[in-house]
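So the chains spell out like this:
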Amino acid sequence: MKKTIFKDLLIFDGSEFFKGTVVSENGLVTSVSRNCHDSSDCDDCEVISGNYILTPGMINLHTHIPMTLFKGVSEDLPLEKWLERIFPLEAKFISPEMVHICGMWGMAELLRSGVTSFADMYFHEDFIGNAAKEINIKAVLGEGVINFPAPSGRSPEQTIEHTVELAEKHRNDPLISVAAAPHSPYLTDELYLLKLKEISDKYSIPFHIHMAESQFEVTNYRNTHGKDEFERFEELGLLCDRFIGAHCVNLTDRELEIMARHKVTVAHCPSSNMKLGSGIARVAEMLKMGINVAVATDGSASNNNLNLLEEAELAAKLQKVSKKDPTVFKSVEALKSVTANPGKPLGKDRGVIKAGAPADLVLIKTDSYEISPVYDPASALLYSSGHSDIKAVFVNGKKVVENGRILTIDEDNLRKEFSKFVERVRKEI
Ligand SMILES: [Zn+2]
């Protein structure tokens, strides 16, 4: 792979902005310097300079990627009613082919918005892995474990066994990795949670689960178990720095302390929480307590898009308005929540630009009507930039997106295949 020099640009390395030069070669970032790089030794390489910001590839830490197919089919309903509408559609439509095609549709949307890694939870995840390899995006596969047979036809025991197979199969894959993925405290029995924690420890992979999403769920859990979700999870020994709790909306002070103590990561999904009326997660307090907060989109059936930067913008504004305090969740913190923070539970140097890290990079133009002028680059990226400002996206050094086009697949063919599924759903609803 050709050596690329991102010369004398504004760089966000996952924690701060500075003017500098980044060199990538053979899929890795090989150097980061805070000065202009001397390119005299560069005979056969690409040099990129000009009005750009270079950021790490963003990480969407909680998705159900094939659910792009169900975008807009279950609207204006609370979580429990929303699920009642979604489950029969899933039972009818989920297949290896569906997750491959509809998953890839979602991945194309992710890549176009600067996302180079996503942590998924769904069924037939191996086929999502195939699609991810085809389009060249990094996927963390989470085969969802629920108490009853899954839409993939597997019992919980079989799904757990399958998680082990996936973890073995993708041990050293440059694009695909695996997470243990129990659905939630209310759909996954403790017996299964404990087995999945063992697998998560054995393979050093994330433990990805929905937590404390709706008030109804939390109240029910407390009535059944006599304590709150994080209290019980601490007792069971399920919490650690590879724990990803999606949502974490309705929590007590005591639970926040437990989360901080065990260094868990929150995958905060504000659009989904707002649309389903689940509530506002206590992100400002979490940040103050040092809890690792990532912002994620959730699935397209409840968001209804996968634009991660827009999600970070919403997350920041939601904290400011709910706290009536504009100083909370600053722009640079919001940018960290879609880069370095979600990278932590995944390991592998994701979400940062540093020597030795994979060259997952996003090149963003700074001279459009929308983003210019750039006095404060963090706020410009968060509040002013749009899709069209993304010039290029690189995954392991390979250019995957250029000027909005996906370079790795036949987009017309994908559109054709996806629309066949859409027509079938249209007849059903
Ligand atoms: Zn979810």
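Right above here is the structure, for reference.
Okay, so let's go over this structure. Note that the structure is predicted; figures quoted are calculated from it, not measured. (Residues numbered from 1 in each chain as written. Predicted model: local features only at pLDDT ≥ 70, side-chain atom pairs only at ≥ 80, totals over all residues.)

**Some remarks on the packing of helix 4 (residues 156-169) against helix 5 (residues 190-203)**
Geometrically, a packed helix pair is captured by the angle between its two axes and the distance between the axes. Heads up, the rule is: Lines are fitted to the C-alpha atoms to define the axes, a helix being fitted only along its stretch in contact, and any angle between axes, read from their N-to-C directions, falls within 0 to 180 degrees. Helix and strand definitions here come from DSSP, where helices need a minimum of 4 consecutive H or I residues and strands a minimum of 2 consecutive E residues; each element is numbered from the N-terminal end. Should an angle lie under 35 degrees it is considered roughly parallel, over 145 roughly antiparallel, and from 65 to 115 roughly perpendicular; all remaining angles are considered oblique. By the convention adopted here, residues are in contact when the distance between their C-beta atoms, placed from the backbone, does not exceed 7 Å.
Helix 5 packs onto helix 4 with a crossing angle of 5° between their chain directions and a minimal axis gap of 11 Å. Compared by their axis directions, helix 4 and helix 5 come out roughly parallel. Residues Pro156, Ile160, Thr163, Val164 and Ala167 of helix 4 touch helix 5, and the partners they reach there are Tyr192, Lys195, Leu196, Ile199 and Tyr203.

**Overview of unusual backbone geometry**
Short version of the rule: Here a residue counts as buried when 20 or more other C-beta atoms sit within 10 Å of its C-beta, as exposed when there are 12 or fewer, and as partly exposed otherwise, the C-beta atoms being derived from the backbone.
Put simply, asparagine 303 and asparagine 304 share a cis peptide bond, and its omega is 10°. One can find asparagine 304 in the loop between helix 11 (300-303) and helix 12 (308-323). A positive phi angle, close to 50°, is found at asparagine 403, a residue other than glycine. You can see asparagine 403 is positioned in the loop between strand 18 (398-402) and strand 19 (405-406). Residue asparagine 403 is classed as exposed on the basis of its 9 C-beta neighbours within 10 Å.

**Quick word on the packing of helix 2 (residues 96-112) against helix 16 (residues 411-428)**
For the record, the criterion: Each helix crossing is assigned a hand: it is left-handed if the near helix lies turned anticlockwise from the far helix by less than a right angle, otherwise right-handed if that turn is clockwise. Three classes are used: nonpolar for Ala, Val, Leu, Ile, Met, Phe, Trp, Tyr, Cys and Pro, charged for Asp, Glu, Lys and Arg, and polar for all others, with Gly counted as polar.
Interhelical geometry of helix 2 versus helix 16 gives an angle of 120° and a closest axis separation of 10 Å. Overall, the two elements helix 2 and helix 16 adopt an arrangement that is oblique. Pair helix 2 / helix 16 crosses with left-handed handedness. Two secondary-structure elements touch here, helix 2 through Met98, Ile101, Cys102, Met104, Trp105 and Ala108 and helix 16 through Leu414, Glu417, Phe418 and Phe421. The residue makeup of the contact of helix 2 with helix 16, split by class, is 9 nonpolar, no polar and 1 charged.

**As for helix 12**
In an α-helix, one full turn covers 3.6 residues, which means residues spaced three or four apart are oriented alike. Worth spelling out the cut-off: For a helix, the expected span equals 1.5 Å multiplied by the residue count minus one.
Helix length check: helix 12 (16 residues) gives 23 Å between terminal C-alpha atoms against 22 Å at 1.5 Å per residue, within 8%. Restricting attention to buried positions, one finds in helix 12 the residues Leu308, Leu309, Glu311, Ala312, Glu313, Ala315, Ala316, Leu318 and Gln319. Following helix 12 by one or two positions, lysine 324 has its phi on the positive side, about 50°.

**Points about the sheet that holds strand 15 (residues 292-295)**
Sheet strands line up and pair through hydrogen bonds in the backbone, either parallel or antiparallel. Heads up, the condition is: Two strands pair under a simple rule: DSSP has to find at least two bridges between them.
Spatial ordering of the open sheet is given by 12-13-14-15, a layout of 4 strands whose pairing is parallel. With one partner strand each, in any of the chains shown, strand 12 (207-211) and strand 15 form the two edges of the open sheet. Averaged over all adjacent pairs, the angle separating strand axes in this sheet is 25°, with direction ignored. Across 3 bridges, strand 13 (residues 243-247) lies against strand 14 (residues 265-268) in parallel orientation. Each bridged residue has a counterpart across the sheet, and for isoleucine 244 the counterpart in strand 14 is threonine 265.

**Quick look at the sheet that holds strand 8 (residues 138-141)**
The strand order 6-7-8-10 describes an open sheet built from 4 strands, whose pairing is parallel. Of all strands in the sheet, those bounded by a partner on one side alone are strand 6 (58-63) and strand 10 (176-178). Averaged over all neighbouring strand pairs, the angle between strand axes comes to 15°, with direction disregarded. Pairing of strand 7 (residues 115-120) with strand 8, which is carried by 3 bridges, proceeds in the parallel orientation. Bridging across to strand 8, serine 117 finds its partner in lysine 138. Helix 3 (residues 125-135) contacts strand 7, strand 8 and strand 10 of the sheet and is inclined by roughly 175° relative to strand 8.

**Focus on the environment of serine 278**
Locating serine 278 in the fold gives a position in the loop between helix 9 (270-275) and helix 10 (283-288). The spacing of serine 278 and asparagine 250 is 28 residues in sequence and 8.2 Å in space, taken between C-alpha atoms. Other than its neighbours up to four places away in sequence, serine 278 contacts Leu79, Glu213, Ser214, His247, Val249 and Asn273.

**Here's the deal with the pairing of strand 18**
Judged from the 4 bridges that link them, strand 17 (residues 390-395) and strand 18 form a sheet pairing that is antiparallel. When the sheet's bridge partners are listed, phenylalanine 394 is paired in strand 18 with lysine 399. Where strand 17 folds back onto strand 18 in an antiparallel hairpin, the turn is made up of 2 residues, including asparagine 396, whose phi is positive at roughly 50°. Bridge analysis of strand 18 against strand 19 gives 2 bridges, and the strand direction is antiparallel. In the strand pairing of strand 19, glutamate 402 is matched with arginine 405. Counting the residues that bridge the hairpin from strand 18 to strand 19 gives 2 residues, and of these asparagine 403 lies at a positive phi of roughly 50°.

**Structural notes on the nonpolar core**
For soluble globular proteins, the rule of thumb is that nonpolar side chains tend to be buried together. Our working rule: We define a nonpolar core as a collection of buried residues of the types Ala, Val, Leu, Ile, Met, Phe, Trp, Tyr and Cys that are connected via C-beta atoms lying within 7 Å of each other.
In this structure, Leu54, Met107, Leu111, Ile128, Ile135, Ala179 and Ala312 are the most contacted members of the largest nonpolar core, which totals 127 residues. Filtering out sequence-adjacent residues up to four positions away, alanine 312 remains in contact with Val295, Ala334, Leu335, Ser337, Val338 and Leu382.

Limitation: the analysis is restricted to geometry and does not speak to function.
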